[in-house]
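Secondary and tertiary structure notes
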Amino acid sequence: MSRCFGDGDPLYERYHDDEWGRPVLDERGLFERMSLEAFQSGLSWRTILAKRDAFRAAFAGFDPTAVARFGEDDVARLLCDAGIVRNAAKIHATLANARATVALRATGEPLPALVLAHRPPARPAPRALAHLPATVPEAVALARELKRRGFRFVGPTTLYALMQACGLVDDHLAGCPVRDEVEALRRAAGLA
């Protein structure tokens, strides 16, 4: 059996086998993946994976509280950091999203609760990557809600990729060698 993606590329293979689709439901983990998905927009996911350690170092381990305190000096530093994607709009969006994440805490619906409230219903395992949607209605609704609350670079396609990455849906193909393991982890987390 082959993987859904990544065969022959050790970085992609590790990501597919050890991370993609496994539950991530904590605020920091969701903020990190949301940020990385936004930085990926228009680029290869492999580029982001290769730079992930540099992103983590540059953005204080994606601690929303720490990133929310970043100012213009930090933006200037990030724009000079060759280890990350130096896109001013995406950097500013990450800071705005950190501030919005922190602000959600006071509403009684923190980021994990808001994301989980938009989880798509279960569906049969896809047979081919061509059968996967680019987005789903729940991702469209989540994008609308996050934008209303001050988030940026959170379109439906980006948020569906977040849902896939964080195990809110299991888009591992029916014959994928890790699908059963991912499903067991999703059941244990109350996602399946």
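Overview of the structure. (Residues numbered from 1 in each chain as written. Predicted model: local features only at pLDDT ≥ 70, side-chain atom pairs only at ≥ 80, totals over all residues. Heavy atoms only, no water.)

Looking at the overall build of the protein chain
Looking only at helices and strands, the protein chain has 10 helices and 0 strands in total. When its helices and strands are written in sequence order, the protein chain yields α-α-α-α-α-α-α-α-α-α. The C-alpha atoms of the protein chain give a radius of gyration of 16 Å, which matches the 16 Å a tight globule of 192 residues would have. With respect to the three principal axes, the spread of C-alpha positions in the protein chain is 50 × 40 × 25 Å. The proportion of buried residues among the 192 residues of the protein chain is 48%. Sequence-distant contacts, at least 24 apart, represent 66% of the contacts inside the protein chain between residues at least 6 apart. Total accessible area on the protein chain stands at roughly 8,700 Å², and carbon and sulfur atoms take up 54% of it. Averaging the locations of the 26 positively and 24 negatively charged side chains of the protein chain gives two centres separated by 4 Å. (Helix = DSSP H or I, 4+ residues; strand = E, 2+ residues; numbered from the N terminus. Rg over C-alpha atoms; globule rule 2.2 N^0.38 Å. Buried < 20%, exposed > 50% of the residue type's maximum accessible area, 1.4 Å probe, protein only. Contact = heavy atoms within 4.5 Å. Areas by Shrake-Rupley, 256 points an atom, 1.4 Å probe, with all protein chains shown as cover. Lys, Arg positive; Asp, Glu negative; His and termini not counted. Charge placed at Lys NZ, Arg CZ, Asp CG, Glu CD.)

Here's the deal with the side chain of histidine 118
Looking at the secondary structure, you find histidine 118 in the loop between α7 (111-116) and α8 (137-148). Take histidine 118: its relative accessible area is 16%, and that puts it in the buried class. Leaving out residues up to four positions away in the same chain, histidine 118 has contacts with Glu138, Ala141, Leu142, Glu145 and Met163.

Function cannot be read off these values alone, since they describe shape.
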